Amino acid sequence: YGDGDGDARVFVGIAGSPGSGKSTLASAVRDRLNAAAGAEVCVVFPMDGFHYYRSQLADPDMFPDPDEARARRGAPWTFDARAFVDRVRAARANDGTAGDDVPTKVPAFDHEVHDPEEDAIDIYPSHKVILVEGNYLLLDHGPWPALADYFDFSLFLEVADTVLEQRLIERWLGMGQDQAGAIAKTRDKDMLNARLIKTRSITADLHWH
């Protein structure tokens, strides 16, 4: 890692549209690296744990139009982007130079309760490769651009809209939506976010088609 001294840590940002395969890729890379090393040297740091809670989306003091906030959940403004940037910064700074191996706690997203699960993932100083994955890692506005300072390498997964749409419809069907509902959620929510990501993301180190 790094210059070959074995002590460097590498933060990799994996970005792309909903349905582009970010989570699948990150999990596969983590598993292969850990198997090759014979130790847990790689960990996935997902953006999804920083969704606002449903109770927060319903709070008119936070969101003037709670109905729109709930309907558009997954848009950039329905994530606590500042908290996400702060936690990536904290994980990067927690490099073990103090001589301990205390983890940075990171939330995951619980798909059964549809809300974050706090402190579900431990990012240790002993993790050498940290795969940060999410839709908006390279977005060019709001708090998101600050993330670039913490990535050693960034990857953008480019997938054709027709492929994304089919994958997303199948995902919604698998979550219990009927055909009409799956198509509506894909086209009226996910693909709106996909277009934003494709047009307003900064250039990654590797643009992977």
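Being a predicted model, the structure only gives us computed values, none of them experimental.

> Requested: an account of the nonpolar core, with residues and values cited.
Ranked by size, the top nonpolar core spans 29 residues in total, and within it Phe 45, Phe 84, Ile 123, Val 132, Leu 137, Trp 144 and Leu 147 carry the most contacts. Broken down by secondary-structure element, the contributors of at least two residues to this core are strand E1 (10-16), strand E2 (42-46), helix H4 (81-93), strand E3 (104-110), strand E4 (115-123) and strand E5 (129-134). Residue contributions to this core peak at 5 residues, all from H4. Non-local contacts of Trp 144, meaning those with residues more than four positions away in its chain, are made with Met 47, Pro 76, Phe 79, Ala 81, Phe 84, Tyr 136, Leu 137 and Leu 139. By size, the runner-up hydrophobic cluster in this structure holds 11 residues, among which are Ile 14, Leu 25, Val 41 and Val 129.

> Outline the side chain of Lys 189, supporting the account with residue identities and numerical values.
Looking at the secondary structure, you find Lys 189 in helix H6 (residues 179-199). Buried and without a salt bridge, Lys 189 has Asp 190 as its closest oppositely charged side chain, separated by 5.3 Å. Polar contacts involving the side chain of Lys 189 include one to the main-chain carbonyl oxygen of Arg 73, which spans 3.4 Å.

> Run through the sheet that holds strand E6 (residues 153-157), naming residues and quoting values.
An order of E2-E5-E1-E6-E7 is seen for the 5 strands of this open sheet, with the pairing classed as parallel. Taken across any chain shown, the strands that pair with only one partner, and hence form the sheet edges, are E2 and strand E7 (206-208). The sheet shows a mean angle of 20° between the axes of neighbouring strands, taken without regard to direction. Direction of pairing for E1 relative to E6: parallel, over a ladder of 5 bridges. Bridged to Gly 16 within E6 is Leu 157. The sheet strands contacting H4 are E1, E2 and E5, and the helix crosses E2 at an angle near 160°.

> I'd like a rundown of the pairing of E6, residues and numbers included.
Summarising burial for E6: 4 of the 5 residues are buried, a large majority. Alignment of E6 against E7, held across 3 bridges, turns out to be parallel. Counted as the bridge partner of Leu 155 is Leu 206 from E7.

> How would you summarise the packing of aromatic side chains if you had to cite specific residues and measurements?
The full count for this structure, using the stated rule, is 8 aromatic pairs. A ring pair is formed by Phe 50 and Phe 84, whose centres lie 5.1 Å apart and whose planes are at 55°; its orientation type is tilted. Here Phe 50, found in the loop between E2 and helix H2 (54-57), pairs with Phe 84, found in helix H4; they are 34 residues apart in sequence, far enough to count as distant. Pairing Phe 79 with Tyr 136 gives two aromatic rings, centres 5.9 Å apart and planes at 70°, and the pair type is edge-to-face. One end of the pair, Phe 79, is in the loop between helix H3 (66-71) and H4; the other, Tyr 136, is in the loop between E5 and E6, and 57 residues separate them in sequence.

> Lay out helix H5 (residues 161-174) in plain terms, naming residues and giving numbers.
The end-to-end C-alpha separation of H5 is 20 Å, in line with the 20 Å expected for 14 residues at 1.5 Å each. Considered for burial, the residues of H5 that qualify are Leu 164, Leu 168, Ile 169 and Trp 172. Considered in projection along H5, the buried side chains sweep an arc of 130° and stay on one side of the axis. Exposed and oriented more than 90 degrees from the buried face of H5 are Thr 162 and Gly 174. As for H5, its buried residues are in contact with H6. Remark: Gly 176 follows H5 within two positions and exhibits a positive phi of approximately 100°.

Reading guide: rules and limits
Residues numbered from 1 in each chain as written. Predicted model: local features only at pLDDT ≥ 70, side-chain atom pairs only at ≥ 80, totals over all residues. Heavy atoms only, no water. Core = buried A, V, L, I, M, F, W, Y, C linked by side-chain atoms within 4.5 Å. Buried < 20%, exposed > 50% of the residue type's maximum accessible area, 1.4 Å probe, protein only. Helix = DSSP H or I, 4+ residues; strand = E, 2+ residues; numbered from the N terminus. Contact = heavy atoms within 4.5 Å. Lys, Arg positive; Asp, Glu negative; His and termini not counted. Salt bridge = Lys/Arg side-chain N within 4 Å of Asp/Glu carboxyl O. Polar contact = N/O pair within 3.5 Å; in protein donor to acceptor, adjacent residues only side chain to side chain. Pairing = 2+ DSSP bridges. Axes fitted to C-alpha atoms, helices over the stretch in contact; angles between N-to-C directions. Phe/Tyr/Trp six-rings, centres within 6.5 Å; stacked < 30°, edge-to-face > 60°. Expected span 1.5 Å × (residues − 1). Arc of directions from axis to C-beta.

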